[in-house]
Amino acid sequence: MNLNAKLREWNYKLIEWQKNKKKTVLFGYPYWLTVDPTNVCNLECRFCPTGQHRENSRPKEIMPMDRYKTIMKKIGRYLLYVEFCNWGEPLLNKNTAEMIKTAKKYGARTFLSSNLNIAMTPEYAEQIVKSGLDRMTISLDGASQESYEIYRKNGKFSLVLDNIKLLAEAKRKLNSKTPHMHWQFLVFRHNEHEIEKARKMAVESGVNDIGFTAPFCAPDWVSTIDEYNNYIVRDNDKAVVFKHAESKLCNWLWDAITINADGSISPCCSVEDKKDDFEMFKWWKPFFMIWNSKNYRIARQYVVNKIKSGDENICTKCDHIGASNHREITL
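Peer 1: Explain the pattern of salt bridges here, please?
Peer 2: Once the charged atoms of two side chains with opposite charge are near each other, the side chains can pair. This structure, assessed with the given rule, holds 15 salt bridges. Residue R199 pairs with E196 through a salt bridge whose shortest N-O separation is 3.1 Å. Here R199 pairs with E196, and both are found in helix α7 (residues 195-205), just three residues apart, close to one helical turn. Judged by its relative accessible area of 36%, R199 falls in the partly exposed class. Between E279 and K285 there is a salt bridge; the shortest N-O distance is 2.9 Å. Side by side, E279 and K285 carry an identical accessibility label, which is buried. Among the ionic contacts, a cluster of salt bridges with common partners joins E16, K19 and D255.

Written out as structure tokens, the structure reads:
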């Protein structure tokens, strides 16, 4: 194990110890980074604030490479995981492959989520493979254009399948096992009948596997299959209760950081509006001033004891603490 690997391991153990002890001031660095190459998207998905152009959501921006490098210089050596995606389509940033390559140089495992509704060429597919990307999640919610476009408005089902084939061919050409391509199928009421059809299509498509996921959505979109339902729905689709709203620890506040395309910092990946961000990532600002800012300390304290101190932020108003915790991704 080299020195950098030992540093990452030491930091991981320190953060886990502080999390288990429910410390509100941290001396370790986050080991998970969710970074948004852009919050621009080419689709208009029904429940996404980006796709729906909601008021108070984030101004559109593409993260420049120098901003990303500044982030990595401060925390890159401690990172075990870097996830490239949050509110936009990451492959719309021409520097995303270079960003992935940079993260790999720091020793992190890299993940990316994409709708793959882009004009991909064989050359671009090879660029993605050469970047060293470990895993790509492909959002493809259906097994036909008819069901797919209900949620992924403006999406083209056949284009996604064509791009999967380009990536699979690039992997064969470059003799690469990565990226591991995972077909993610969000199960709604309107597409649940295509689950088995999608399983069969996945075998021939070029992806490594397929998974079916319960989405966060409106009550009338919820699947009738309980396994793919995040809610307890009552009163004819009017009353909704999160199934996983019981008291839990929110891992995000201890081991992860979310950095948006403009350099703003959110406590987790679910913060839709810029007004709820905690900090701005500044090259001159010591990281621990950010990591232990007033907002972070208020949020951690609230998650620990559920007591409001009079100061509030997005975390003290959260109704599903722990429901969206990230988990280690196996390849």
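Peer 1: Would you take a moment to explain a positive patch on the surface for this structure?
Peer 2: Taken together, the side chains of K69, K73, K101, K105 and K130 present a region of like positive charge at the surface. Breaking the positive patch down by element, the ones donating at least two residues are α2 (65-75) and α3 (96-105). Within the secondary structure, K105 is located in helix α3.

Peer 1: Hey, could you run me through the side chain of R8 in this one?
Peer 2: In this fold, R8 is placed in helix α1 (residues 3-20). Buried within the structure, R8 lacks any salt-bridge partner; its nearest side chain of opposite charge belongs to E9, at an N-O separation of 9.2 Å. Beyond its immediate sequence surroundings of up to four residues, R8 is in contact with R77, Y78, L79, L80, Y106 and G107.

Peer 1: What is the right way to read the packing of aromatic side chains from this model?
Peer 2: Geometrically, a pair of aromatic rings is defined through the distance of the ring centres and the angle of the planes. Under the criterion given, the structure shown has 21 aromatic pairs. Judged by centre distance (5.4 Å) and plane angle (10°), the ring pair of Y29 and F287 falls under stacked. Of this pair, Y29 sits in the loop between α1 and β1 (32-35) while F287 is found in helix α9 (residues 287-291), placing the two residues 258 residues apart along the sequence. Of the residues examined, Y29 reaches a relative accessible area of 15% and is grouped as buried. Classification of F287 as buried rests on a relative accessible area of 5%. With a centroid separation of 6.1 Å and an interplanar angle of 35°, the aromatic rings of W32 and F111 are classed as tilted. With W32 in strand β1 and F111 in strand β3 (residues 109-114), this residue pair connects regions lying 79 residues apart in the sequence. Overall, the relative accessible area of 4% leaves F111 in the buried class. Three or more aromatic residues joined by ring pairs form one cluster here, namely Y29, Y78, F278, F281, F287, F288, W291 and Y296. The side chain of R300 reaches across the aromatic face of W291, ending 4.8 Å from its centre.

Peer 1: How do you make sense of the pairing of strand β2 (residues 81-84) when you look at a structure like this?
Peer 2: One ladder, built from four bridges, connects β1 with β2; its direction is parallel. Paired with L33 across the two strands is V82, which belongs to β2. Bridging between β2 and β3 involves four bridges; their strand directions are parallel. Along β3, the bridge assignment pairs Y81 with R109.

Peer 1: Is there a simple way to think about helix α10 (residues 294-305) in this case?
Peer 2: Taking 1.5 Å per residue as the helical rise, α10 with its 12 residues ought to reach 16 Å, and the 17 Å between its terminal C-alpha atoms agrees with that figure. Within α10 the residues assigned to the buried category are Y296, I298, A299, R300, Y302 and V303. Against α8 (252-255), β9 (256-259), β10 (264-266) and α9 lie the buried residues of α10. Looking at the residues trailing α10, positive phi occurs at K306, about 60°.

Peer 1: Which parts of the structure should I look at to understand the sheet that holds β10?
Peer 2: Within a beta sheet, neighbouring strands are joined by backbone hydrogen bonds and run either parallel or antiparallel to one another. Across the sheet, which stays open at both edges, the nine strands sit in the order β6-β5-β4-β3-β2-β1-β9-β10-β11 with mixed pairing between neighbours. The open sheet is flanked by β6 (209-213) and β11 (279-280), the only strands paired with a single partner. Relative to β1, α2 is tilted by about 170°, and along the sheet it contacts β1, β2 and β9.

So, how was this worked out
- Residues numbered from 1 in each chain as written.
- Predicted model: local features only at pLDDT ≥ 70, side-chain atom pairs only at ≥ 80, totals over all residues.
- Heavy atoms only, no water.
- Salt bridge = Lys/Arg side-chain N within 4 Å of Asp/Glu carboxyl O.
- Helix = DSSP H or I, 4+ residues; strand = E, 2+ residues; numbered from the N terminus.
- Buried < 20%, exposed > 50% of the residue type's maximum accessible area, 1.4 Å probe, protein only.
- Patch = residues over 30% accessible without salt bridge, like charges linked within 9 Å, V, L, I, M, F, W, Y side chains within 5 Å.
- Areas by Shrake-Rupley, 256 points an atom, 1.4 Å probe, with all protein chains shown as cover.
- Lys, Arg positive; Asp, Glu negative; His and termini not counted.
- Charge placed at Lys NZ, Arg CZ, Asp CG, Glu CD.
- Contact = heavy atoms within 4.5 Å.
- Phe/Tyr/Trp six-rings, centres within 6.5 Å; stacked < 30°, edge-to-face > 60°.
- Lys NZ or Arg CZ within 6 Å of the ring centre and 35° of its normal.
- Pairing = 2+ DSSP bridges.
- Expected span 1.5 Å × (residues − 1).
- Axes fitted to C-alpha atoms, helices over the stretch in contact; angles between N-to-C directions.

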